[in-house]
Amino acid sequence: MRRSHRIRQVVNYANLSTPLGLLIALIGGARLRRGERGLVYAYGYRVPFPVAGAFTVGNVITTRHAEGYLAGRLLDHESRHATQYAACVGPPMLVLYALASAFSLAVCGHPASWNVFERLAGLEDGGYPRLTPLWRRGREHGPVKRKNGIRLP
């Protein structure tokens, strides 16, 4: 394990975010497995919230899916969230993330597209769209041309 992953692991245990993630996974009926990068994978989560393919709390990545789902770009994305927990001193990240999701909903109608945490973790790696703000939609291609009230091509 890389030194940075070990430091993140220790910090997330000390700030209690990883123990919280383990508790959430166990309450949700997930099966735990030691993963790469000092992470813990929790497969088979049964609670319908949050609505996501996977979510991270501390160093615990939880998913409803079967083993093997957490790989490639998605694993990279969720690993970045684990680092964000360390940077945000653990559980306060949950409140900050909720505020960032609310901001994103207000800006573009989607909880991830303008969420600073999702952008820093890599929107596309997490499977999220990169949407334009609501006030800019329809203007991407310049003003709409009309003649006698009929839209021209």
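Refer to the preceding data block for the structure.
These numbers come from a predicted model, not from an experiment. All chains use their own residue numbering, which begins from 1 and follows the written sequence. Note on the predicted model: pLDDT of at least 70 is required for a residue's local features to be given, and 80 or more for side-chain atom pairs to be given and counted; whole-chain, interface and lining totals, by contrast, use all residues. Calculated side-chain values reflect all of the structure's heavy atoms, with hydrogen atoms and water omitted.

### Details of helix H4 (residues 92-108)
Then, number 1: Elements are defined by DSSP. Helices are runs of H or I of four residues or more, strands are runs of E of two residues or more, and each kind is numbered from the N terminus. Multiply 1.5 Å by the residue count of a helix minus one, and that product is the helix's expected span. With 17 residues, H4 should reach 24 Å at 1.5 Å per residue; the first-to-last C-alpha distance of 24 Å fits that figure.
Then, number 2: For this analysis, residues touch if any pair of their heavy atoms sits within 4.5 Å. Looking at the buried positions of H4, the neighbouring elements they touch are helix H3 (72-87) and helix H5 (116-121).
Then, number 3: Just downstream of H4 lies Gly 109, where phi reads positive at about 85 degrees.

### Topic: the pairing of strand E1 (residues 31-34)
Then, number 1: As paired elements, E1 and strand E2 (residues 40-43) share four bridges and run antiparallel to each other. Note on E2: the bridge partner recorded for Arg 31 is Tyr 43.
Then, number 2: Two strands are counted as paired when DSSP detects at least two bridges linking them. Here E1 folds back onto E2 in antiparallel fashion, the turn holding five residues, of which Arg 37 has a positive phi close to 60 degrees.

### Side note on the packing of aromatic side chains
Two descriptors summarise a pair of aromatic rings, namely the distance from one centre to the other and the angle between the planes of the rings.
Then, number 1: Between 30 and 60 degrees the pair is tilted, below 30 it is stacked and above 60 it is edge-to-face, where a pair is any two Phe, Tyr or Trp rings, Trp via its six-membered ring, whose centres lie within 6.5 Å. This model, assessed by the stated rule, comprises three aromatic pairs.
Then, number 2: Taken together, a centroid distance of 6.2 Å and an interplanar angle of 80 degrees make the contact between Tyr 41 and Tyr 43 edge-to-face.
Then, number 3: The buried label goes to any residue with under 20% of its type's maximum accessible area, the exposed label to any with over 50%, and the partly exposed label to all in between, with areas taken from a 1.4 Å probe on protein chains only. A residue is classified by how much of its surface remains accessible, and Tyr 41, at 2% relative accessible area, is buried.
Then, number 4: Accessibility expressed as a relative area gives 1% for Tyr 43, which makes it buried.
Then, number 5: Here, a charge over a ring is recorded when the distance from Lys NZ or Arg CZ to the ring centre is within 6 Å and its angle to the ring normal is within 35 degrees. Directly above the ring of Trp 114 sits Arg 119, whose terminal nitrogen or CZ lies 4.2 Å from the centroid.

### Structural notes on the packing of H3 against H4
Then, number 1: Between H3 and H4, the least distance of the axes is 9 Å, while the angle of their chain directions is 115 degrees. The handedness of the crossing between H3 and H4 is right-handed. In this structure, H3 contributes His 81, Gln 84 and Tyr 85 to the contact, and H4 contributes Met 93, Leu 94 and Tyr 97.
Then, number 2: Charged means Asp, Glu, Lys or Arg here, nonpolar means Ala, Val, Leu, Ile, Met, Phe, Trp, Tyr, Cys or Pro, and polar covers whatever is left, Gly included. Taken together, the residues that form the contact of H3 with H4 break down as four nonpolar, two polar and no charged. To define axes, lines are fitted to C-alpha atoms, for helices over the stretch in contact only, and angles between the resulting N-to-C directions are given on a 0 to 180 degree scale. In this scheme, a crossing is called left-handed if the near helix is turned counterclockwise away from the far one by less than a right angle; it is called right-handed if the turn is clockwise.

### Re the pattern of salt bridges
Then, number 1: Only one rule defines a salt bridge in this text: a Lys or Arg side-chain nitrogen within 4 Å of an Asp or Glu carboxyl oxygen. Applying the stated criterion to the full structure yields five salt bridges.
Then, number 2: Between Glu 67 and Arg 33 there is a salt bridge whose closest N-O contact spans 3.4 Å. You can see Glu 67 sitting in the loop between strand E4 (60-63) and H3 and its partner Arg 33 sitting in strand E1, a full 34 residues away along the chain.
Then, number 3: Note on Arg 33: relative accessible area 36%, which makes it partly exposed.
Then, number 4: Among the salt bridges present, the one from Arg 73 reaches Asp 125, with a minimum N-O distance of 2.6 Å. You can see Arg 73 sitting in helix H3 and its partner Asp 125 sitting in the loop between H5 and strand E5 (146-147), a full 52 residues away along the chain.
Then, number 5: Each of Arg 73, Arg 80 and Asp 125 takes part in one network of salt bridges that share partners.

### As for the side chain of Thr 63
Then, number 1: Of note, Thr 63 is situated in strand E4.
Then, number 2: We call two N or O atoms a polar contact when they sit within 3.5 Å, provided that within protein one can donate a hydrogen and the other can accept it, with sequence-adjacent residues counted only if both atoms are side-chain atoms. For Thr 63, the side chain forms a polar contact with the main-chain nitrogen of His 65, separated by 3.1 Å.
Then, number 3: Beyond its immediate stretch of four places on either side in the chain, Thr 63 contacts Ala 42, Tyr 43, Gly 44, Tyr 45, Gly 53, Ala 54, Tyr 69 and Leu 70.

### So, the sheet that holds strand E3 (residues 54-57)
Then, number 1: A sheet is described by the order of its strands in space; here four strands give the open sequence E1-E2-E4-E3, paired in mixed fashion. If you trace the sheet from one side to the other, it starts and ends with E1 and E3, each paired once. If you compare each strand with its neighbour and ignore which way they point, the axes differ by 25 degrees on average.
Then, number 2: Running over the sheet, helix H2 (residues 17-27) touches E1, E2, E3 and E4 and is turned about 140 degrees from E3.
Then, number 3: Sheet strands in contact with H3 are E2, E3 and E4, and its direction is about 25 degrees off that of E3.

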